[in-house]
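What follows is the residue order along each chain.
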Amino acid sequence: LGLEAGAGLTLDSPRGLFQRTVVRALQLLPLAPGRGRLQLRAEGGVVISQANTRVPTTQLFRTGGDTSVRGYGFRDIGVERPGAPVSAGRYLAVGSLEWQRPLRRGGEATPWEQAVFIDAGLVADRGSARRASVGVGTGLRYASPVGPLRVDLAYGLRVHRLRLHLSV
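Caption draft 1: Looking closely at the environment of Pro85. Following the sequence through the fold, Pro85 ends up in the loop between β3 (37-49) and β4 (91-105). A relative accessible area of 67% means that Pro85 is categorised as exposed. Counting along the chain gives 18 residues from Pro85 to Thr67, while the straight-line C-alpha distance between them is 22 Å.

As structure tokens, this is what we get:
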């Protein structure tokens with residue numbers, strides 16, 4: 001469980017205060033022996049300010065990519081505006097459910113695991129969220145001597161596209 005809270009003052013006119021809060025949670029739930037575990041992940045964020053305060057986009061939210069909503073590119077999920085590129089928003093919600101199970105060889109566990117997952121996330125501005133972007137997929141995990149390696153193949157349901165995600 002993690003909590004991040006901060007406050008800032010914009011430097012352009014009119015100057016204004018803003019507050020940014022992000023909460024993250026990760027829980028691993030072991031299943032019956034040999035059946036693996038469930039990984040539950042959630043993240044939520046909010047930026048609070050006066051309506052006319054121009055909060056820097058680096059303090060607002062976008063999501064998508066290897067460690068958030070797989071099936072979408074890095075920070076491809078944001079506030080959608082007609083005729084404009086996706087922009088950052090003041091509200092963030094991300095959730096993930098992943099089943100990880102060990103791969104066995106000759107009855108013995110190997111350093112490999114197989115995963116099946118569903119991720120969902122949305123970014124909104126002033127309550128303008130339409131619907132969550134959802135990604136589903138499968139992947140492999142390897143417990144290497146230098147740390148875990150992940151390879152995921154995910155399908156973004158809103159963009160109708162397969163994406164390969166790699167992370168160390």
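Moving on from the coordinates now.
Caption draft 2: Local environment of the packing of aromatic side chains. For the coordinates displayed, the defined rule picks out one aromatic pair. Summarising the aromatic geometry, the rings of Trp112 and Tyr142 are spaced 4.7 Å apart at their centres and angled 40° between planes, so their arrangement reads as tilted. Of this pair, Trp112 sits in strand β5 (residues 108-124) while Tyr142 is found in strand β6 (residues 133-144), placing the two residues 30 residues apart along the sequence. Given the relative accessible area of 26%, Tyr142 is considered partly exposed.

Caption draft 3: Region of the structure containing the nonpolar core. Counting 14 residues, the largest nonpolar core has Val47, Val55, Leu60, Phe61, Val69, Leu92 and Val123 as the members making the most contacts within it. Contributing elements (two or more residues each) for this core: β2 (17-30) and β4. Apart from residues no more than four positions distant in its own chain, Leu60 is found in contact with Arg20, Val47, Val55, Ala88, Gly89 and Arg90.

Caption draft 4: Region of interest: unusual backbone geometry. Within the chain, Arg75 stands out as a residue other than glycine whose phi angle is a positive 60°. Inspection of the secondary structure assignment puts Arg75 in the loop between β3 and β4. The class of Arg75 is partly exposed, set by a relative accessible area of 31%. Backbone geometry places His160, a non-glycine residue, at a positive phi of 55°. With respect to the helices, strands and loops of the structure, His160 is situated in the loop between β7 (147-156) and β8 (161-167).

Conventions adopted
- Residues numbered from 1 in each chain as written.
- Predicted model: local features only at pLDDT ≥ 70, side-chain atom pairs only at ≥ 80, totals over all residues.
- Heavy atoms only, no water.
- Helix = DSSP H or I, 4+ residues; strand = E, 2+ residues; numbered from the N terminus.
- Buried < 20%, exposed > 50% of the residue type's maximum accessible area, 1.4 Å probe, protein only.
- Phe/Tyr/Trp six-rings, centres within 6.5 Å; stacked < 30°, edge-to-face > 60°.
- Core = buried A, V, L, I, M, F, W, Y, C linked by side-chain atoms within 4.5 Å.
- Contact = heavy atoms within 4.5 Å.

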